[in-house]
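One letter stands for each residue in the lines below.
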Amino acid sequence: MKQLEQFFSEIGPVQSALIATTFTWLVTAAGASLVFFFKTIKRSIFDAMLGFTGGVMVAASFWSLLAPSIEYSEKIYPDFPWMPAAVGFLVGALFIFALDKFMPHLHINFGDDESEGMKTKWHKTTLLLLAITLHNIPEGLAVGVLFGAASIGVGDQLIPAAIALAFGIGLQNFPEGMAVAMPLRRHGVSRLKSFWYGQLSAIVEPVAGVLGAVAVIYMQPVLPFALAFAAGAMIYVVVEEVIPETQRDKYTDVAVLGFIGGFVVMMVLDVALG
(Lines give C-alpha, C1' and ligand atoms only; values in the text may rest on other atoms or scores of the structure.)
Protein backbone atom coordinates (compact mmCIF):
# COMPACT_ATOMS: atom_id res chain seq x y z
CA MET A 1 0.00 0.00 0.00
CA LYS A 2 2.84 2.38 0.85
CA GLN A 3 4.39 1.86 -2.56
CA LEU A 4 1.04 2.59 -4.19
CA GLU A 5 0.64 5.79 -2.17
CA GLN A 6 4.15 6.90 -3.13
CA PHE A 7 3.50 6.13 -6.78
CA PHE A 8 0.37 8.28 -6.90
CA SER A 9 1.95 11.11 -4.91
CA GLU A 10 4.84 11.28 -7.39
CA ILE A 11 2.93 11.26 -10.68
CA GLY A 12 0.54 14.09 -9.85
CA PRO A 13 -3.23 14.38 -9.37
CA VAL A 14 -4.38 14.46 -12.99
CA GLN A 15 -2.39 11.37 -13.96
CA SER A 16 -3.48 9.70 -10.70
CA ALA A 17 -7.13 10.42 -11.41
CA LEU A 18 -6.75 9.11 -14.96
CA ILE A 19 -5.08 5.86 -13.85
CA ALA A 20 -7.52 5.26 -10.98
CA THR A 21 -10.63 5.86 -13.08
CA THR A 22 -9.21 3.81 -15.94
CA PHE A 23 -8.98 1.00 -13.40
CA THR A 24 -12.67 1.43 -12.48
CA TRP A 25 -13.56 1.42 -16.17
CA LEU A 26 -11.58 -1.80 -16.77
CA VAL A 27 -13.37 -3.48 -13.85
CA THR A 28 -16.66 -2.56 -15.53
CA ALA A 29 -15.35 -4.21 -18.69
CA ALA A 30 -14.44 -7.31 -16.66
CA GLY A 31 -18.02 -7.48 -15.39
CA ALA A 32 -19.38 -7.05 -18.90
CA SER A 33 -17.08 -9.85 -20.16
CA LEU A 34 -19.15 -12.41 -18.25
CA VAL A 35 -21.59 -12.17 -21.14
CA PHE A 36 -19.17 -14.36 -23.11
CA PHE A 37 -19.73 -17.19 -20.62
CA PHE A 38 -23.32 -16.72 -19.43
CA LYS A 39 -26.49 -15.55 -21.14
CA THR A 40 -28.33 -14.73 -17.94
CA ILE A 41 -27.82 -14.59 -14.18
CA LYS A 42 -30.08 -15.45 -11.26
CA ARG A 43 -32.21 -12.49 -10.28
CA SER A 44 -31.35 -12.93 -6.59
CA ILE A 45 -27.61 -12.60 -7.34
CA PHE A 46 -28.28 -9.66 -9.62
CA ASP A 47 -30.29 -7.81 -6.94
CA ALA A 48 -27.66 -8.56 -4.28
CA MET A 49 -24.99 -7.05 -6.51
CA LEU A 50 -27.09 -3.96 -7.21
CA GLY A 51 -27.67 -3.58 -3.48
CA PHE A 52 -23.93 -3.89 -2.91
CA THR A 53 -23.42 -1.09 -5.42
CA GLY A 54 -25.79 1.18 -3.51
CA GLY A 55 -24.10 0.45 -0.19
CA VAL A 56 -20.66 1.28 -1.56
CA MET A 57 -21.91 4.57 -3.02
CA VAL A 58 -23.66 5.69 0.18
CA ALA A 59 -20.65 4.85 2.38
CA ALA A 60 -18.27 6.57 -0.03
CA SER A 61 -20.49 9.66 -0.06
CA PHE A 62 -20.00 10.15 3.65
CA TRP A 63 -16.61 8.69 4.56
CA SER A 64 -14.74 9.77 1.43
CA LEU A 65 -16.53 12.99 0.47
CA LEU A 66 -18.79 14.71 3.01
CA ALA A 67 -16.52 14.18 6.03
CA PRO A 68 -13.43 15.68 4.27
CA SER A 69 -15.62 18.50 2.92
CA ILE A 70 -16.75 19.49 6.41
CA GLU A 71 -13.24 19.10 7.84
CA TYR A 72 -11.70 21.35 5.19
CA SER A 73 -14.55 23.88 5.50
CA GLU A 74 -13.68 24.39 9.17
CA LYS A 75 -10.37 25.86 8.04
CA ILE A 76 -11.43 28.12 5.19
CA TYR A 77 -15.01 28.89 6.25
CA PRO A 78 -14.72 28.82 10.09
CA ASP A 79 -17.94 30.79 10.64
CA PHE A 80 -20.03 28.55 8.37
CA PRO A 81 -18.31 25.13 8.21
CA TRP A 82 -21.61 23.47 7.31
CA MET A 83 -22.31 25.74 4.33
CA PRO A 84 -20.03 24.27 1.60
CA ALA A 85 -21.14 20.71 2.36
CA ALA A 86 -24.82 21.65 2.37
CA VAL A 87 -24.64 23.78 -0.79
CA GLY A 88 -22.39 21.37 -2.69
CA PHE A 89 -24.53 18.37 -1.74
CA LEU A 90 -27.71 20.12 -2.88
CA VAL A 91 -26.22 21.33 -6.17
CA GLY A 92 -24.79 17.87 -6.91
CA ALA A 93 -28.16 16.24 -6.40
CA LEU A 94 -29.91 18.89 -8.51
CA PHE A 95 -27.33 18.45 -11.28
CA ILE A 96 -28.10 14.74 -11.61
CA PHE A 97 -31.81 15.53 -11.22
CA ALA A 98 -31.59 17.83 -14.25
CA LEU A 99 -29.69 15.23 -16.29
CA ASP A 100 -32.22 12.62 -15.23
CA LYS A 101 -35.10 14.76 -16.48
CA PHE A 102 -33.56 15.68 -19.82
CA MET A 103 -31.32 12.74 -20.79
CA PRO A 104 -33.34 9.85 -22.27
CA HIS A 105 -32.57 6.63 -20.39
CA LEU A 106 -34.06 3.38 -19.14
CA HIS A 107 -33.26 1.75 -15.82
CA ILE A 108 -32.12 -1.86 -15.91
CA ASN A 109 -35.13 -3.68 -14.46
CA PHE A 110 -37.77 -1.36 -15.92
CA GLY A 111 -40.06 -2.06 -18.86
CA ASP A 112 -39.72 -0.48 -22.28
CA ASP A 113 -42.60 1.89 -21.52
CA GLU A 114 -40.90 3.21 -18.36
CA SER A 115 -38.09 5.17 -19.99
CA GLU A 116 -37.30 8.54 -18.42
CA GLY A 117 -36.07 11.89 -19.66
CA MET A 118 -37.03 13.47 -22.96
CA LYS A 119 -39.20 11.32 -25.19
CA THR A 120 -37.25 9.61 -27.93
CA LYS A 121 -37.40 6.69 -30.32
CA TRP A 122 -33.89 5.56 -29.43
CA HIS A 123 -33.34 1.82 -29.10
CA LYS A 124 -33.54 0.20 -25.66
CA THR A 125 -29.84 -0.61 -25.86
CA THR A 126 -28.97 3.08 -26.07
CA LEU A 127 -31.34 3.97 -23.23
CA LEU A 128 -29.83 1.32 -20.93
CA LEU A 129 -26.33 2.54 -21.77
CA LEU A 130 -27.26 6.14 -20.97
CA ALA A 131 -28.75 5.13 -17.62
CA ILE A 132 -25.51 3.54 -16.42
CA THR A 133 -23.44 6.36 -17.93
CA LEU A 134 -25.48 8.82 -15.86
CA HIS A 135 -24.70 6.65 -12.86
CA ASN A 136 -20.94 6.73 -13.49
CA ILE A 137 -20.42 10.50 -13.81
CA PRO A 138 -20.35 11.25 -10.05
CA GLU A 139 -18.18 8.21 -9.37
CA GLY A 140 -15.38 9.37 -11.66
CA LEU A 141 -15.76 12.93 -10.41
CA ALA A 142 -15.39 11.82 -6.78
CA VAL A 143 -12.09 10.03 -7.43
CA GLY A 144 -10.67 12.98 -9.36
CA VAL A 145 -11.68 15.50 -6.69
CA LEU A 146 -9.99 13.49 -3.94
CA PHE A 147 -6.71 13.20 -5.85
CA GLY A 148 -6.89 16.92 -6.63
CA ALA A 149 -7.48 17.72 -2.96
CA ALA A 150 -4.44 15.71 -1.90
CA SER A 151 -2.27 17.57 -4.40
CA ILE A 152 -3.01 21.02 -2.96
CA GLY A 153 -1.97 20.09 0.55
CA VAL A 154 -5.34 19.44 2.11
CA GLY A 155 -3.96 16.27 3.61
CA ASP A 156 -1.72 13.38 2.65
CA GLN A 157 -4.37 11.05 4.07
CA LEU A 158 -6.53 11.85 1.05
CA ILE A 159 -4.24 9.89 -1.29
CA PRO A 160 -4.97 6.56 0.42
CA ALA A 161 -8.59 7.69 0.74
CA ALA A 162 -8.72 8.27 -3.02
CA ILE A 163 -7.13 4.86 -3.62
CA ALA A 164 -9.69 3.24 -1.32
CA LEU A 165 -12.51 5.05 -3.10
CA ALA A 166 -11.26 3.95 -6.52
CA PHE A 167 -11.01 0.37 -5.29
CA GLY A 168 -14.50 0.48 -3.78
CA ILE A 169 -16.00 1.95 -6.94
CA GLY A 170 -14.17 -0.68 -8.94
CA LEU A 171 -15.78 -3.40 -6.81
CA GLN A 172 -19.25 -2.09 -7.46
CA ASN A 173 -18.53 -1.42 -11.15
CA PHE A 174 -18.12 -5.15 -11.76
CA PRO A 175 -21.84 -5.87 -11.35
CA GLU A 176 -22.65 -2.65 -13.21
CA GLY A 177 -20.89 -3.90 -16.34
CA MET A 178 -22.74 -7.16 -16.02
CA ALA A 179 -26.01 -5.31 -15.38
CA VAL A 180 -25.79 -3.66 -18.81
CA ALA A 181 -24.40 -6.59 -20.80
CA MET A 182 -26.64 -9.38 -19.49
CA PRO A 183 -30.03 -7.79 -20.27
CA LEU A 184 -28.82 -6.91 -23.76
CA ARG A 185 -27.71 -10.48 -24.36
CA ARG A 186 -31.01 -11.76 -23.01
CA HIS A 187 -32.82 -9.59 -25.58
CA GLY A 188 -30.91 -11.15 -28.47
CA VAL A 189 -27.96 -8.76 -28.86
CA SER A 190 -24.73 -10.54 -29.80
CA ARG A 191 -22.16 -11.33 -27.11
CA LEU A 192 -19.61 -8.93 -28.59
CA LYS A 193 -22.06 -6.04 -28.83
CA SER A 194 -23.39 -6.73 -25.32
CA PHE A 195 -19.83 -6.60 -23.98
CA TRP A 196 -19.08 -3.45 -25.97
CA TYR A 197 -22.06 -1.57 -24.58
CA GLY A 198 -21.39 -2.89 -21.07
CA GLN A 199 -17.85 -1.54 -20.90
CA LEU A 200 -18.75 1.64 -22.78
CA SER A 201 -21.07 2.70 -19.95
CA ALA A 202 -18.06 3.47 -17.74
CA ILE A 203 -15.88 5.28 -20.29
CA VAL A 204 -17.17 8.55 -18.83
CA GLU A 205 -15.40 7.87 -15.51
CA PRO A 206 -11.85 8.73 -16.68
CA VAL A 207 -13.20 11.91 -18.29
CA ALA A 208 -15.06 12.96 -15.13
CA GLY A 209 -12.07 12.02 -12.97
CA VAL A 210 -9.64 14.21 -14.88
CA LEU A 211 -12.09 17.12 -14.94
CA GLY A 212 -12.62 16.81 -11.19
CA ALA A 213 -8.88 16.85 -10.45
CA VAL A 214 -8.23 19.82 -12.74
CA ALA A 215 -11.12 21.83 -11.29
CA VAL A 216 -9.88 21.40 -7.73
CA ILE A 217 -6.26 22.22 -8.57
CA TYR A 218 -7.08 25.52 -10.25
CA MET A 219 -10.02 26.52 -8.06
CA GLN A 220 -8.95 25.60 -4.53
CA PRO A 221 -11.75 27.43 -2.66
CA VAL A 222 -14.26 25.24 -4.50
CA LEU A 223 -12.81 22.03 -3.00
CA PRO A 224 -15.30 21.48 -0.14
CA PHE A 225 -18.14 22.28 -2.54
CA ALA A 226 -16.75 19.82 -5.10
CA LEU A 227 -16.44 17.02 -2.55
CA ALA A 228 -20.02 17.53 -1.40
CA PHE A 229 -21.19 17.91 -5.02
CA ALA A 230 -19.94 14.43 -5.84
CA ALA A 231 -21.60 13.08 -2.67
CA GLY A 232 -24.95 14.66 -3.52
CA ALA A 233 -24.78 13.31 -7.06
CA MET A 234 -24.06 9.77 -5.85
CA ILE A 235 -26.80 9.78 -3.20
CA TYR A 236 -29.32 10.96 -5.81
CA VAL A 237 -28.34 8.09 -8.10
CA VAL A 238 -28.69 5.54 -5.29
CA VAL A 239 -32.13 6.75 -4.17
CA GLU A 240 -33.57 7.43 -7.61
CA GLU A 241 -32.04 4.54 -9.55
CA VAL A 242 -30.23 1.79 -7.67
CA ILE A 243 -32.67 1.15 -4.81
CA PRO A 244 -35.83 1.16 -6.97
CA GLU A 245 -34.21 -1.33 -9.35
CA THR A 246 -33.74 -3.80 -6.47
CA GLN A 247 -37.28 -3.50 -5.13
CA ARG A 248 -39.29 -4.78 -8.10
CA ASP A 249 -39.38 -8.50 -7.30
CA LYS A 250 -39.31 -11.00 -4.41
CA TYR A 251 -35.59 -10.64 -3.61
CA THR A 252 -35.82 -7.32 -1.80
CA ASP A 253 -34.32 -8.73 1.41
CA VAL A 254 -31.34 -10.07 -0.52
CA ALA A 255 -30.82 -6.62 -2.05
CA VAL A 256 -30.92 -5.00 1.39
CA LEU A 257 -28.31 -7.43 2.71
CA GLY A 258 -26.18 -6.63 -0.34
CA PHE A 259 -26.55 -2.93 0.45
CA ILE A 260 -25.42 -3.49 4.05
CA GLY A 261 -22.46 -5.53 2.84
CA GLY A 262 -21.42 -2.86 0.35
CA PHE A 263 -21.66 -0.13 2.99
CA VAL A 264 -19.52 -2.08 5.45
CA VAL A 265 -16.89 -2.95 2.83
CA MET A 266 -16.53 0.67 1.70
CA MET A 267 -16.49 1.98 5.26
CA VAL A 268 -13.75 -0.46 6.26
CA LEU A 269 -11.72 0.36 3.14
CA ASP A 270 -11.94 4.10 3.72
CA VAL A 271 -11.27 4.05 7.46
CA ALA A 272 -8.52 1.42 7.26
CA LEU A 273 -6.73 2.90 4.26
CA GLY A 274 -7.69 6.58 4.38
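Higher on the page you've got the structure.
Keep in mind the model is a prediction, meaning the values are calculated, not measured. (Residues numbered from 1 in each chain as written. Predicted model: local features only at pLDDT ≥ 70, side-chain atom pairs only at ≥ 80, totals over all residues. Heavy atoms only, no water.)

It is not clear to me how the overall build of the chain should be interpreted in this structure. Could you clarify?
Counting secondary structure elements, the chain contains 10 helices and zero strands. In sequence order, the chain lays out its α and β elements as α-α-α-α-α-α-α-α-α-α. Taken across its 274 residues, the chain has 51% of its residues classed as buried. The contacts in the chain between residues at least 6 apart in sequence include a share of 81% that link residues at least 24 apart. Element-wise, carbon and sulfur atoms account for 71% of the exposed surface of the chain, whose accessible area totals about 12000 Å². (Helix = DSSP H or I, 4+ residues; strand = E, 2+ residues; numbered from the N terminus. Buried < 20%, exposed > 50% of the residue type's maximum accessible area, 1.4 Å probe, protein only. Contact = heavy atoms within 4.5 Å. Areas by Shrake-Rupley, 256 points an atom, 1.4 Å probe, with all protein chains shown as cover.)

Teacher, can you tell me more about the layout of surface pockets here?
A probe as big as a water molecule, rolled over the atoms, marks out the empty space that is left. As a volume, the largest pocket reaches approximately 210 Å³. Lining the largest pocket are 13 residues, with Leu 141, Gly 212, Ala 215, Ala 226 and Phe 229 positioned closest to its centre. Those elements that provide at least two residues to the lining of the largest pocket are helix 5 (124-151), helix 8 (204-218) and helix 9 (223-246). At four residues, helix 8 tops the list of elements feeding residues into the lining of the largest pocket. Residues of the lining of the largest pocket, tallied by class, amount to 12 nonpolar, one polar and no charged. (1 Å grid on protein atoms, 1.4 Å probe; cavity = no way out; pocket = protein on both sides within 12 Å on 5 of 7 lines; lining within 4 Å. Points joined across faces, edges and corners; volume = space filled by probe spheres on them. Nonpolar A, V, L, I, M, F, W, Y, C, P; charged D, E, K, R; others polar.)

Quick question: what am I supposed to make of the nonpolar core here?
Judged by nonpolar contacts, the single largest core of 46 residues is most densely connected at Leu 65, Val 143, Val 145, Leu 146, Phe 147, Leu 165 and Leu 223. If one sorts the elements of this core by residue count, helix 9 sits on top with 13 residues. (Core = buried A, V, L, I, M, F, W, Y, C linked by side-chain atoms within 4.5 Å.)

Sorry if this is basic, but what is going on with the packing of aromatic side chains here?
The geometry of an aromatic ring pair is captured by two quantities: the separation of the ring centres and the angle between the planes. Taken as a whole and assessed by the stated rule, the structure comprises six aromatic pairs. On the numbers, 5.4 Å between centres and 45 degrees between planes, the contact of Phe 36 with Phe 195 is tilted. A residue pair is termed long-range when its members are at least 10 positions apart, and Phe 36 in the loop between helix 2 (13-32) and helix 3 (43-76) and Phe 195 in helix 7 (residues 191-200) qualify at 159 residues. Note on Phe 195: relative accessible area 21%, which makes it partly exposed. Each ring, one from Phe 80 and one from Trp 82, has its centre 6.1 Å from the other, and the planes form 85 degrees; the classification is edge-to-face. When its relative accessible area of 47% is taken as the criterion, Phe 80 is described as partly exposed. The exposed category is assigned to Trp 82, whose relative accessible area is 53%. (Phe/Tyr/Trp six-rings, centres within 6.5 Å; stacked < 30°, edge-to-face > 60°.)

Can you walk me through helix 4 (residues 83-102) in this structure?
Each α-helix turn comprises 3.6 residues. Residues three or four places apart therefore point the same way. For helix 4, with 20 residues, the first-to-last C-alpha span of 28 Å sits near the 28 Å given by 1.5 Å per residue. Those residues of helix 4 that sit buried are Pro 84, Ala 85, Gly 88, Gly 92, Ala 93, Ile 96 and Asp 100. For helix 4, the angular spread of buried residues about the axis comes to 150 degrees, placing them on one side. Seen from the open side of helix 4, the exposed residues pointing more than 90 degrees away from its buried face are Leu 90 and Phe 102. (Expected span 1.5 Å × (residues − 1). Arc of directions from axis to C-beta.)

Quick question: what am I supposed to make of the packing of helix 2 against helix 7 here?
What describes two packed helices is the angle between their axes and the distance between those same axes. Running from amino to carboxyl end, helix 2 crosses helix 7 at an angle of 155 degrees, the nearest separation of the two axes being 8 Å. Accordingly, the angle class assigned to the pair helix 2 and helix 7 is roughly antiparallel. For the element pair helix 2 and helix 7, the recorded crossing hand is right-handed. Where helix 2 approaches helix 7, its residues Trp 25, Thr 28, Ala 29 and Ala 32 are matched on the opposing element by Phe 195, Gly 198 and Gln 199. (Axes fitted to C-alpha atoms, helices over the stretch in contact; angles between N-to-C directions. Parallel < 35°, antiparallel > 145°, perpendicular 65-115°, else oblique. Left-handed = near helix turned anticlockwise from the far one by under 90°.)

How should the packing of helix 1 (residues 2-11) against helix 6 (residues 158-186) be read in this particular structure?
Close contact between helix 1 and helix 6 brings their axes to 10 Å; oriented N to C, the two are set at 105 degrees. Between helix 1 and helix 6, the angle falls in the class roughly perpendicular. Within the contact between the two elements, helix 1 uses Leu 4, Glu 5, Phe 8 and Ser 9 and helix 6 uses Ile 159, Pro 160 and Ile 163. Across the contact of helix 1 with helix 6, the residue classes tally to five nonpolar, one polar and one charged.

By themselves, these figures tell us nothing about what the structure is for.
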